[in-house]
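Structural overview for review
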Amino acid sequence: MKLLITGFEPFGGDAVNPSWEAVQALPEQVGHHQIYKLRLPVVFGQAADLAIAEADRLHADVVLAIGLAGGRKAVTPEVIGINLRNAGIPDNAGLQPHDDPIIPSAPAAYFSTLPVRAMKEAICAVDIPVALSYSAGVYVCNDVMYSLLHHFADTQVRCGFMHVPYLPDMGTPSLPLEKITAAIKAAVGVL
Ligand code: PCA
């Protein structure tokens, strides 16, 4: 099985993004998954297009996108992505959409096609704070999640998103990099 896992470049003035730090630290193989890694720009539209193109190119079976949610205290598998863009801060290309659809006339929302509850239980089992989230926000992370789910709707490719907290030197609450990496590995184990 081919698993594409993505992380993001830094944004909003941060020097690092724990999502990419953790993805980079993953092994090349987890269980029956061959892991392919991709770093995404924090840019509306462009990030989603790159993730979709790479998943198509690889003929990936599963796509798991990871992003930072500063302020959250737990790793959070996302249940749903919505067809909305609203940026509190400009993205890394200076775009700041307000209340725009991601894809006009497309469905309002898609549920993750990953087993979010099993992911949560697997992360809980390795003693890392975890909770399901029912909002991936309306910034670039939700953009990627929604766009993947729209593109791969009615295909066999399963996809979803997981947010992770700050690293200790970025703010509070936080989780050490080893714990974020271990949480992703545990989640991948049930995909
Ligand atoms: N977090 C942002 C975008 C990139 C990232 O790591 C978000 O939650 O939308």
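What counts and how
- Residues numbered from 1 in each chain as written.
- Predicted model: local features only at pLDDT ≥ 70, side-chain atom pairs only at ≥ 80, totals over all residues.
- Heavy atoms only, no water.
- 1 Å grid on protein atoms, 1.4 Å probe; cavity = no way out; pocket = protein on both sides within 12 Å on 5 of 7 lines; lining within 4 Å.
- Points joined across faces, edges and corners; volume = space filled by probe spheres on them.
- Helix = DSSP H or I, 4+ residues; strand = E, 2+ residues; numbered from the N terminus.
- Buried < 20%, exposed > 50% of the residue type's maximum accessible area, 1.4 Å probe, protein only.
- Arc of directions from axis to C-beta.
- Core = buried A, V, L, I, M, F, W, Y, C linked by side-chain atoms within 4.5 Å.
- Contact = heavy atoms within 4.5 Å.
- Pairing = 2+ DSSP bridges.
- Axes fitted to C-alpha atoms, helices over the stretch in contact; angles between N-to-C directions.
- Near = heavy atom within 4 Å.
- Polar contact = N/O pair within 3.5 Å; in protein donor to acceptor, adjacent residues only side chain to side chain.
- Areas by Shrake-Rupley, 256 points an atom, 1.4 Å probe, with all protein chains shown as cover.
- Sits in = over half its atoms within 2 Å of the grid points.
- Nonpolar A, V, L, I, M, F, W, Y, C, P; charged D, E, K, R; others polar.
- Phe/Tyr/Trp six-rings, centres within 6.5 Å; stacked < 30°, edge-to-face > 60°.

1. Re empty space enclosed by the protein
Inspection of the entire model under this criterion finds one cavity of 30 Å³ or more. The volume enclosed by the largest cavity comes to roughly 50 Å³. Every residue lining the largest cavity is listed: F8, F11, N17, V42, G67, L68, Y139, V140 and C141. At the level of elements, β4 (62–68) and α4 (140–151) are the ones that each hand at least two residues to the lining of the largest cavity.

2. What about helix α3 (residues 116–125)?
Residues of α3 that are buried: V116, M119, A122 and I123. Here the buried residues of α3 occupy an arc of 120 degrees about the axis, which is enough to place them on one side. Exposed and facing more than 90 degrees away from the buried side of α3 are E121 and A125. Where α3 ends, the next residue or the one after it, D127, has phi of about 70 degrees, a positive value.

3. Some details on the nonpolar core
Residues L64 and I184 are the most contacted members of the largest nonpolar core, which totals 64 residues. When residues in this core are grouped by element, the largest group, seven residues, is from α4. Dropping the residues within four chain positions of it, I184 is found in contact with I5, A22, L26, L64, I66 and M162.

4. Some words on the sheet that holds strand β10 (residues 158–164)
Strand order in the open sheet formed by six strands is β2-β3-β1-β4-β10-β5, with mixed pairing between adjacent strands. Looking at strand neighbours, the two that pair on one side only are β2 (29–30) and β5 (76–77), the edges of this open sheet. Here two bridges tie β5 to β10, and the two strands are oriented antiparallel to one another. Looking at β10, one finds that T76 is bridged to H163. Against the sheet, α4 engages β1 (2–8), β3 (33–40), β4 and β10, with an angle of about 165 degrees to β10.

5. Observations regarding the site of the ligand
Residues in contact with the ligand, as listed here, are F8, F11, N17, V42, G67, L68, Y139, V140, C141 and H163. Within the backbone of C141, an N or O atom sits 2.9 Å from an oxygen atom of the ligand. Here the ligand has 260 Å² of accessible area as a free molecule, and 94% of this is covered by the chains. Of the pockets mapped on this structure, the ligand occupies the largest cavity. Listed by contribution, the elements that provide at least two residues to the shell around the ligand are β4 and α4. When the residues that make up the shell around the ligand are grouped by side-chain class, the tally is seven nonpolar, three polar and no charged.

6. As for the packing of aromatic side chains
One pass over the full model with this rule turns up three aromatic pairs. The interplanar angle of 40 degrees and the centroid separation of 5.9 Å between the aromatic rings of F11 and Y139 together place this pair among those described as tilted. With F11 in the loop between β1 and α1 (18–24) and Y139 in the loop between α3 and α4, this pair connects stretches of sequence that are 128 residues apart. Neither F11 nor Y139 differs from the other in exposure class; each is buried. Summarising the aromatic geometry, the rings of F44 and Y139 are spaced 5.5 Å apart at their centres and angled 90 degrees between planes, so their arrangement reads as edge-to-face. Of this pair, F44 sits in the loop between β3 and α2 (46–58) while Y139 sits in the loop between α3 and α4, and the two are 95 residues apart along the sequence. What makes F44 buried here is its relative accessible area of 6%. An aromatic cluster is present here, built from F11, F44 and Y139 joined pairwise through their rings.

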